[in-house]
Amino acid sequence: MSIWRTLVALFVASAISAPALAQQAQQGAPPPGSPAATRTLDGKQLPPPDMKFGGAIKDDALQSKPWWTPRVVPPKGAPNVLLIITDDSGFGVPSTFGGVVPTPTMDRIANEGLRYNRMFSTALCSPTRAALITGRNHHSAGFGVISEQSTGFPGYNSIIDRDKATIGRMLKENGYATAWFGKDHNVPAFAASQAGPFDQWPVGMGFEYFYGFIGGDANQWQPNLFRNTTQIYPFLGKPPGTWNLVTAMADDAIDYMTRMHQIQPDKPIFIKYAPGATHAPHHPTKEWVDKISAMHLFDDGYEKLRERILENQKRLGVVPKDTKLAPWPADMLKPWDQLSADEKKLFIRQVEVFAAYSAYNDHEIGRVIQAFQDLGKLDNTLIIYINGDNGTSAEGGPLGTPNEVAFFNGLNKLPAEVQMKWYDVWGTEQTYNHMSAGWSWAFDTPFDWFKQNASRLGGINQNMVVSWPARIKDKGGLREQFVHVIDVVPTILEAAGIKAPEIVDGIKQKPIEGTSFVYTFDAKNAKVASRHSTQYFEMMGQWALYKDGWMLSTKVNRAPWEAFGPANPDPLNNQVFQLYNLNTDFSQTDDIAAKNLDKVKEMRAQFLAEAKKYQVFPMDASVAARIVAPRPNITAGRTEFVYTRPMVGLPQGDSPLLLNASYTVTADIEVPQGGAEGMILTSGGRFGGYGFYLLNGKPVWLWNLVDLKRIKWEGQDALAPGKHVVEFEFKYDGLGPGTLAFNNFSGVGRSGTGTLKVDGKVVDTKTMEKTLPMILQWDESFDIGSDTLTGVNDQDYKPPFALTAKLNKLTLKLDRPKLSPEDIKKFEGAMKAAADGPVSEDLTLVQKLEARFDKREECRKQADTHKLGPIERIRFVRKCLE
């Protein structure tokens, strides 16, 4: 049959069925097998198995009947879903729940829908987000801690297994358009490079479109930004302070939903909208800082702020009238009237920038919601707006910091008079800023403590507003039922009329562990008991159990900024236990454990059962130590790395780590006539990192110690045209991160000596008394041949600072310290002694051990100055130690 006859036959076949098609259309459904046919799924298997061909095939098309597999659509009336979660924002931040920060968008959703005052998180970023998108507890989903702290245990490996499909995957397979904007933080740190794999990225987890960043935080002026899996730089060429991710992601979300609507108006949209605000760095635009500053909201200090917020909360009815505040922790956070003039001035600036960031973020969320209305979709859009993935962050410490990267390296008590250097640029691209923890305590009102504190409501009790005009009619209503982030997935599924799948990609799925709160949408259920009756909490050795209003809590034994000491060796049992009845004690202020010892015992047993059930073991109270714990980085086990051409964008978690090790970096380059300049190798940026570059033709190696100090090795002469070998060698003095396995920090952040060579000749030597122990700036990358995002030294160059010499070969060799059998024996002994005694004695033992190793390093340095032979050197060190 000719092609023409085939086309005619197909046309005739479709024309023959036209009357039937018209009849079916009158009945409201296209006929099965027609191009417009649709179907909904039974919820058992995703993707759905292929359907059997329903047409007829004869020898020729004229006698045959075509048939198309029906397109999958959600059940009739399934709503669009906008799932919003902000970052590091406590109960007392938004005006909707009594805060002083204006959040008119959240107010709008509350007035059009419902307010929830018992929405709970996990106390930390990645874990809350993993629970939010899977409907399973965070340990069940592999996120006992953030991805950058992952360890090799099922509850902590930062891998969402394939038996826990995300809400994005479920909705996509059921006919939704799915997209994710903003923060991810659920990609394992060791799977974040362009080598992939991408199955744990949003596009591999059921989200068809992604625009955002995958790490824990991002410079909002120059973010490590991706569209799907491709890094993009939309801010390049924009004047400083004019492009900001908070606005850019709203723009991109609006563009996405508009495109989807114009292409297929009847296809529902699911958007996970996760701004970086208000996680540090706090980066609002100047316009918003000026607006908040003009309001003078914080001039009377954080204690008065706390009292004012509680008054507002009682007036609004979002907390009971008898709610009490815990005493101000004066031993930890200096009362306002005891601050110096510089401290008050600085702290007010810090908090005004934070508040501006929060208000700015709420405004941009409002633009996204308005776009749903402009498209005529708002009436059938379920909006879930969660304020905070945990309580307000105190990781800036009592004094705040111009650089959050300093906190992650143990530097969190920079005096106010030093910080004042950044006062006028606070919140701009010149800072990676965080505020004083005094404000954080106030912003968690009526509760106490902060982000990371899983046993205190200040770390886990968020608030939330929900609207769905087509369904929720109790406008402005308050809901007080216990709700947890694991309840969001089953709620969305029930609202959409979709069942959780039994099998995905041939893999049997673990049950959803959350409980739908759709029942709370109806006014008749406003006061019914919560259907989510039991919930455990655990974060870095602090834990709690909620059961029908009762809450067993471990007493906080570590402030969030105290991350670098030895950890509690037995976090399950080595605790002080507190008991609260949240039914009568909304703010967790009246400890009744002493009067209810049987209840304490009962709830301890219940926590143990929950912990076993949800992969909480082995419990680990360490914090910073886990940042440098071994994990399957693609560089693991390698000691030599060779590069022969420029390459940028390799993330910290997938690049060679120079911290706490000896290393040699050798560059074989060719300088053209007229000289050369530019970046050979860099990792990190303005707020912490290193650079190896040519400046005015001279070789330079520079260490940026979290923007507080820069140490530079520099050649005296510019390189002449021709081939050269430029080398930087660093000898590290410490024992390395192996000591962390023994609950000891003595091996990290120690001294070392660097030597810069040109063609084998030493041109500069310097000793670093201290090195960075934990991380570089982790939203920056490992770059060869140029520098992306921010530079390590603004005084020397501006990115991209491309290398104008020819790079023939770049070789990096690592020599990681290894503990000797003697070292291991000593550390094991100290650990055993620590485990046998109370915590206070543990700390003393470890501190003594650290002092011994400090002394040994000092003795070794003295021996080096005498240029002794091997035997004489050993004898000298032994005598020195005596």
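Source: prediction; values computed, not measured. (Residues numbered from 1 in each chain as written. Predicted model: local features only at pLDDT ≥ 70, side-chain atom pairs only at ≥ 80, totals over all residues. Heavy atoms only, no water.)

## As for the overall build of the protein chain
Link 1 in the chain: Per the secondary structure count, the protein chain includes 18 helices and 32 strands.
Link 2 in the chain: The dimensions of the protein chain, computed from C-alpha atoms along their principal axes, are 100 × 80 × 55 Å.
Link 3 in the chain: Per-residue burial for the protein chain yields a buried fraction of 60% across its 882 residues.
Link 4 in the chain: Considering only contacts within the protein chain whose residues lie at least 6 apart along the sequence, 75% involve residues at least 24 apart.
Link 5 in the chain: Per element, the accessible surface of the protein chain, about 34,800 Å² overall, is 53% carbon and sulfur.
Link 6 in the chain: Within the protein chain, one finds 97 positive and 98 negative side-chain charges whose respective centroids are separated by 3 Å. (Helix = DSSP H or I, 4+ residues; strand = E, 2+ residues; numbered from the N terminus. Buried < 20%, exposed > 50% of the residue type's maximum accessible area, 1.4 Å probe, protein only. Contact = heavy atoms within 4.5 Å. Areas by Shrake-Rupley, 256 points an atom, 1.4 Å probe, with all protein chains shown as cover. Lys, Arg positive; Asp, Glu negative; His and termini not counted. Charge placed at Lys NZ, Arg CZ, Asp CG, Glu CD.)

## Details of the environment of leucine 708
Link 1 in the chain: If you trace the backbone, leucine 708 turns up in the loop between strand E26 (698-705) and strand E27 (709-714).
Link 2 in the chain: Along the sequence, leucine 708 and leucine 414 sit 294 residues apart, while their C-alpha atoms lie 9.6 Å from each other.
Link 3 in the chain: Apart from residues lying up to four places away in sequence, leucine 708 is in contact with Leu411, Leu414 and Trp422.

## Description of the sheet that holds strand E23 (residues 662-671)
Link 1 in the chain: Read from one edge to the other, the open sheet built from six strands follows the order E21-E32-E23-E28-E29-E30, with strand pairing classed as antiparallel. Two strands in the sheet have a free side with no partner beyond their single neighbour: strand E21 (640-643) and strand E30 (761-768). Put simply, the sheet's adjacent strands are angled 10 degrees from each other on average, direction ignored.
Link 2 in the chain: In terms of strand pairing, E23 meets strand E32 (residues 806-815) through nine bridges, oriented antiparallel. Across the sheet, the residue bridging to glutamate 670 is lysine 806, located in E32. (Pairing = 2+ DSSP bridges. Axes fitted to C-alpha atoms, helices over the stretch in contact; angles between N-to-C directions.)

## Here we look at helix H8 (residues 302-316)
Link 1 in the chain: Compared with an ideal rise of 1.5 Å per residue, which puts 15 residues at 21 Å, H8 spans 21 Å between its outermost C-alpha atoms and is within 8% of the ideal.
Link 2 in the chain: Considered for burial, the residues of H8 that qualify are Tyr302, Leu305, Arg306, Ile309, Leu310, Asn312 and Gln313. Here the buried residues of H8 occupy an arc of 160 degrees about the axis, which is enough to place them on one side. Seen from the open side of H8, the exposed residues pointing more than 90 degrees away from its buried face are Glu311 and Arg315.
Link 3 in the chain: Those residues of H8 that are buried lie in contact with helix H9 (341-374) and helix H12 (437-443).
Link 4 in the chain: Of the residues flanking the end of H8, it is glycine 317, one or two places downstream, whose phi is positive at about 80 degrees. (Expected span 1.5 Å × (residues − 1). Arc of directions from axis to C-beta.)

## Section: unusual backbone geometry
Leave glycine aside and you will find that most residues have negative phi; peptide bonds, for their part, are mostly trans.
Link 1 in the chain: Between alanine 277 and threonine 278 the backbone carries a cis peptide bond, its omega angle lying at 5 degrees.
Link 2 in the chain: Tracing the sequence through the fold places threonine 278 in the loop between strand E10 (269-274) and helix H7 (286-293).
Link 3 in the chain: A cis geometry characterises the amide bond from threonine 445 onward to proline 446, with omega recorded as 15 degrees.
Link 4 in the chain: Summarising the element assignment, proline 446 is placed in the loop between H12 and helix H13 (457-460).
Link 5 in the chain: The residue aspartate 505 is not glycine, and still its phi comes out positive at about 55 degrees.
Link 6 in the chain: Mapped onto the elements of the fold, aspartate 505 is located in the loop between strand E15 (503-504) and strand E16 (507-508).

## Some thoughts on the packing of aromatic side chains
Link 1 in the chain: Scanning the model with the defined rule gives 53 aromatic pairs in all.
Link 2 in the chain: Pairing phenylalanine 408 with tryptophan 778 gives two aromatic rings, centres 4.7 Å apart and planes at 45 degrees, and the pair type is tilted. Of this pair, phenylalanine 408 sits in the loop between helix H10 (404-407) and helix H11 (416-419) while tryptophan 778 sits in the loop between E30 and strand E31 (781-784), and the two are 370 residues apart along the sequence.
Link 3 in the chain: By relative accessible area, which is 10% here, phenylalanine 408 ends up buried.
Link 4 in the chain: Take tryptophan 778: its relative accessible area is 18%, and that puts it in the buried class.
Link 5 in the chain: Taken together, the aromatic side chains of Phe298, Tyr302, Trp328, Trp336, Phe354, Trp439, Trp441, Phe443, Trp449, Phe450 and Trp561 make up a single cluster linked through ring pairs. (Phe/Tyr/Trp six-rings, centres within 6.5 Å; stacked < 30°, edge-to-face > 60°.)

## So, the pattern of salt bridges
Link 1 in the chain: For the coordinates displayed, the defined rule picks out 32 salt bridges.
Link 2 in the chain: As a salt-bridge pair, arginine 686 and aspartate 794 come within 2.8 Å of each other at their nearest N and O atoms. With arginine 686 in the loop between strand E24 (678-685) and strand E25 (688-695) and aspartate 794 in the loop between E31 and E32, this pair connects stretches of sequence that are 108 residues apart.
Link 3 in the chain: Linked through salt bridges whose partners overlap, the residues forming this network are Asp87, Arg129, Lys183 and Asp389. (Salt bridge = Lys/Arg side-chain N within 4 Å of Asp/Glu carboxyl O.)

## Brief notes about the packing of helix H6 (residues 245-263) against H9
Link 1 in the chain: For the pair H6 and H9, the least separation of the axes is 9 Å and the interaxial angle reads 10 degrees. It follows from the interaxial angle that H6 and H9 lie roughly parallel. Taking contact as the criterion, the partners of Val246, Thr247, Ala250, Asp251, Ala253, Ile254 and Met257 in H6 are, on H9, Tyr357, Tyr360, Asn361, Glu364, Arg367, Val368, Ala371 and Phe372.
Link 2 in the chain: Of the residues assigned to the contact of H6 with H9, the class counts are ten nonpolar, two polar and three charged. (Parallel < 35°, antiparallel > 145°, perpendicular 65-115°, else oblique. Nonpolar A, V, L, I, M, F, W, Y, C, P; charged D, E, K, R; others polar.)

## Let's talk about the nonpolar core
Link 1 in the chain: Within the largest apolar cluster, 185 residues are counted, with the highest numbers of intra-cluster contacts made by Tyr273, Phe443 and Trp703.
Link 2 in the chain: The residues touching phenylalanine 443, leaving out its near neighbours within four places in the chain, are Gly90, Phe91, Gly92, Val93, Val101, Phe298, Leu305, Ile309, Val351, Phe354, Thr392 and Met435.
Link 3 in the chain: In terms of nonpolar packing, the next biggest core, distinct from the first, is built from 55 residues, Ala165, Phe207, Val488 and Tyr519 among them. (Core = buried A, V, L, I, M, F, W, Y, C linked by side-chain atoms within 4.5 Å.)

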